[in-house]
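What follows is each chain in one-letter form.
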Amino acid sequence: MFASLMLSCAFLLAPQDGPTQPQSHFTIKLHETRDIVERIGPDFPARKIGTARPVGPKQPAEMSVPVLSGIPIISSFFPDNQLSAGSIDEAKRIAGGSRVLEATVLRLISPKTANSEFNVRCTDSGTFVITATTPQHEWVTAFFANLRSFEKLIEVEARFVRVPQERLEELGIEGTSVFPKPEDVPTLLESLKQSPKVEFMSAPRVTTFPLQRASISVLEQIRYVGDWRVETVEPGAQEVLVPEIQELETGLALDVRAVPLPGEKFALTLEAQDARLARPLVPFSKKLKTMKKGETEVPIALPEVDIQRVQTELLLQDGSTAVLVVDPSSSKDRLVILVTVRSVAAK
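Since this is a predicted model, take the numbers as computed values, not measurements.

This next bit is on the pattern of salt bridges. Enumeration according to the criterion identifies 22 salt bridges in this entry. For the salt bridge of Glu102 with Arg121, the shortest nitrogen-to-oxygen distance reads 3.6 Å. In this pair, Glu102 sits in helix α3 (residues 85-108) while Arg121 sits in strand β4 (residues 119-122), placing the two residues 19 residues apart along the sequence. Residue Glu102 is classed as buried on the basis of its relative accessible area, which comes to 16%. On the basis of relative accessibility, which here comes to 38%, the residue Arg121 falls in the partly exposed class. When salt bridges with common partners are traced through the structure, they connect Arg53, Arg223, Glu247 and Glu249 into a single cluster.

The next point concerns helix α6 (residues 184-193). A turn of α-helix holds 3.6 residues, and therefore any two residues three or four places apart point the same way. All of the buried residues along α6 are Val185, Leu188, Leu189 and Leu192. Down the axis of α6, the buried set is contained in an arc of 100°. They therefore lie on one face. Summarising the contacts, the buried residues of α6 are in contact with β6 (153-164), α5 (165-171), β7 (176-179), β8 (199-202), β16 (321-326) and β17 (333-344).

Another point: a nonpolar patch on the surface. Together, Val282, Phe284 and Leu302 line one region of the surface with nonpolar side chains, adding up to about 250 Å² of accessible area. On the secondary structure map, Val282 appears in strand β13 (residues 282-290).

Looking now at helix α4 (residues 134-149). With 16 residues, α4 should reach 22 Å at 1.5 Å per residue; the first-to-last C-alpha distance of 23 Å fits that figure. Every buried residue belonging to α4 is among Gln136, His137, Trp139, Val140, Phe143, Phe144, Asn146 and Leu147, and all of these are buried.

Time to look at the pairing of β4. Of the two faces of β4, only one is covered, namely that formed by Val120 and Cys122; the face formed by Asn119 and Arg121 stays uncovered. Bridge count for β4 against strand β5 (residues 127-132) is four bridges, and the pairing is antiparallel. Each residue of the ladder has a partner; that of Val120, found in β5, is Ile130. The turn linking β4 back onto β5 is made up of four residues, and Gly126 within it adopts a positive phi angle of 100°.

So, about the environment of Asp274. Of note, Asp274 is situated in strand β12 (residues 265-277). Looking at Asp274, the relative accessible area reads 2%, which means it is buried. Expressed as a C-alpha distance, the spacing of Asp274 and Gly251, which sit 23 residues apart in the sequence, is 5.8 Å. If sequence neighbours within four positions are ignored, Asp274 has contacts with Arg162, Met201, Gly251, Leu252, Asp306, Ile307, Gln308 and Leu335. In terms of polar contacts, Asp274 uses its side chain to reach the side chain of Arg162, at 2.6 Å.

Here we take up unusual backbone geometry. Residues Ser110 and Pro111 are joined by a peptide bond in cis, for which omega reads 0°. Within the element layout of this structure, Pro111 appears in the loop between α3 and β4. With omega at 0°, the peptide bond leading from Arg279 into Pro280 counts as cis. Tracing the backbone shows Pro280 in the loop between β12 and β13. A positive phi angle, close to 70°, is found at Leu211, a residue other than glycine. Relative to the helices and strands, Leu211 resides in the loop between β9 (205-208) and β10 (213-233).

Criteria and cut-off values
Residues numbered from 1 in each chain as written. Predicted model: local features only at pLDDT ≥ 70, side-chain atom pairs only at ≥ 80, totals over all residues. Heavy atoms only, no water. Salt bridge = Lys/Arg side-chain N within 4 Å of Asp/Glu carboxyl O. Helix = DSSP H or I, 4+ residues; strand = E, 2+ residues; numbered from the N terminus. Buried < 20%, exposed > 50% of the residue type's maximum accessible area, 1.4 Å probe, protein only. Arc of directions from axis to C-beta. Contact = heavy atoms within 4.5 Å. Patch = residues over 30% accessible without salt bridge, like charges linked within 9 Å, V, L, I, M, F, W, Y side chains within 5 Å. Areas by Shrake-Rupley, 256 points an atom, 1.4 Å probe, with all protein chains shown as cover. Expected span 1.5 Å × (residues − 1). Pairing = 2+ DSSP bridges. Polar contact = N/O pair within 3.5 Å; in protein donor to acceptor, adjacent residues only side chain to side chain.

Shown next, in the form of structure tokens:
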């Protein structure tokens, strides 16, 4: 249930010498938002692809879990050690959702202000505290009301296309463009298909709840010999050459968070990645020194990966499409990502 409390407290800008300046009136308001943050869950870093990592035996999982009831001050609230692992996980989830909500409001609130009295804080238990002006309070109230009334899911689709630079210039696409009407997108796609050099790669699609992170990837994993080492083993203190295996993930990855706003709009935080491996892998020899056999040559691989990433924030109307043009690092072609966001009925 929505709850708010206006405290009888206000902050006025200190009067300045000279002509009278308009004063900004700041008040504190509390909102109970636990029902919102408990649906968000904790934040997590986006998956990075195109980076090699060693392959080996997995390390044993850490078994140490902080037992809060063992702390005297806290244990008084939980008699007979009734604080379970489930309640610890729930507390972490609420705290993580609170951080996400806090950061989201700070990023999106309107109107913006640089005044030092402005402050936003969401406690680990889900109580939202804001010191702001009246228009900002009105925005926050409408924002929370819209979140609570939004009963649909959010679908985000990203079409990855490689387009020659000259073709983009012909179409007049530069930087970020927005197509507000869904019917305009097929026309754009058909225009891109006119050139034989345009490559349509993949179109990953995710469906998520408001404010929740969602990720999808279309990946290929390869393993190769990245290095060698010399180990001494029994019997007889023999020297053996041991290959060090590396693993590499290439392909496409999409990470999004969508926030519904009043007026059937969505604030979209997006990270898209494209990692391409040049084939075949470039082999070369490395000299390895041993105690008994001296210097010997061993083969290793040197993968060459072209990685393109884009991190952006978009404000899109429900059903509209944004066209992102990413500058490539080592290619004449441009990576173009068509991002479409739409609300869909929850099944």
